[in-house]
Amino acid sequence: MPRYEFRCRACGDTFEVNRPMSQAGEPAPCPWGHTDTVKLLSTVSVTGRGGGVVGGAAAPAGGGGCCGGGCGC
């Protein structure tokens, strides 16, 4: 079940709510009972190991970083 993050405008608390995607747009009161909340934009990071495939071809070798490992960052 997806987890959505909200922030309360009244008290500033940030909290998470687990709910079905069909209820993603519904408001969520904060744990302290305030109803003036906004849904935050969450990011997802997916990482894996092994030989990945990017666009139908093997992922390039080398490190990560800003330039694919060329600068050593």
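Further up the page is the structure itself.
Residues numbered from 1 in each chain as written. Predicted model: local features only at pLDDT ≥ 70, side-chain atom pairs only at ≥ 80, totals over all residues. Heavy atoms only, no water.

Trainee: Help me understand the overall build of the protein chain in this model?
Mentor: Regarding its fold elements, the protein chain presents zero helices and five strands. Listed N to C, the secondary structure of the protein chain is β-β-β-β-β in terms of helices and strands. When the 73 residues of the protein chain are sorted by exposure, 14% land in the buried category. Here the analysis covers contacts within the protein chain between residues at least 6 apart in sequence; of these, 27% occur between residues at least 24 apart. (Helix = DSSP H or I, 4+ residues; strand = E, 2+ residues; numbered from the N terminus. Buried < 20%, exposed > 50% of the residue type's maximum accessible area, 1.4 Å probe, protein only. Contact = heavy atoms within 4.5 Å.)

Trainee: Teacher, can you tell me more about the pattern of salt bridges here?
Mentor: If charged atoms from side chains of opposite charge come close, those side chains can pair. Following the criterion strictly, the structure yields two salt bridges and no others. Here Arg-3 makes a salt bridge to Glu-16, at a shortest N to O gap of 3.5 Å. Within this pair, whereas Arg-3 is found in strand 1 (residues 3-8), its partner Glu-16 is found in strand 2 (residues 14-18), the two being separated by 13 residues in sequence. With respect to class, Arg-3 is no different from Glu-16; both count as exposed. (Salt bridge = Lys/Arg side-chain N within 4 Å of Asp/Glu carboxyl O.)

Trainee: Please clarify how the nonpolar core should be interpreted in this entry.
Mentor: The tendency in soluble globular proteins is for nonpolar side chains to be buried side by side. Listed in full, the eight residues of the largest apolar core are Tyr-4, Phe-6, Cys-8, Phe-15, Val-17, Ala-24, Ala-28 and Cys-30. When contributions to this core are tallied by element, the ones reaching two or more residues are strand 1 and strand 2. Broken down by element, this core gets its largest block of residues, three residues, from strand 1. Discounting residues that sit within four places of it in the chain, Cys-30 has contacts with Cys-8, Cys-11, Phe-15 and Thr-37. (Core = buried A, V, L, I, M, F, W, Y, C linked by side-chain atoms within 4.5 Å.)

Trainee: Would you mind going over the environment of Phe-6 with me for this structure?
Mentor: You can see Phe-6 is positioned in strand 1. Among the residues examined, Phe-6 registers a relative accessible area of 3% and is labelled buried. Expressed as a C-alpha distance, the spacing of Phe-6 and Leu-40, which sit 34 residues apart in the sequence, is 5.3 Å. Those residues in contact with Phe-6 that lie beyond four places of it in its chain are Asp-13, Thr-14, Phe-15, Val-17, Arg-19, Glu-26, Ala-28, Thr-37, Val-38, Lys-39 and Leu-40.

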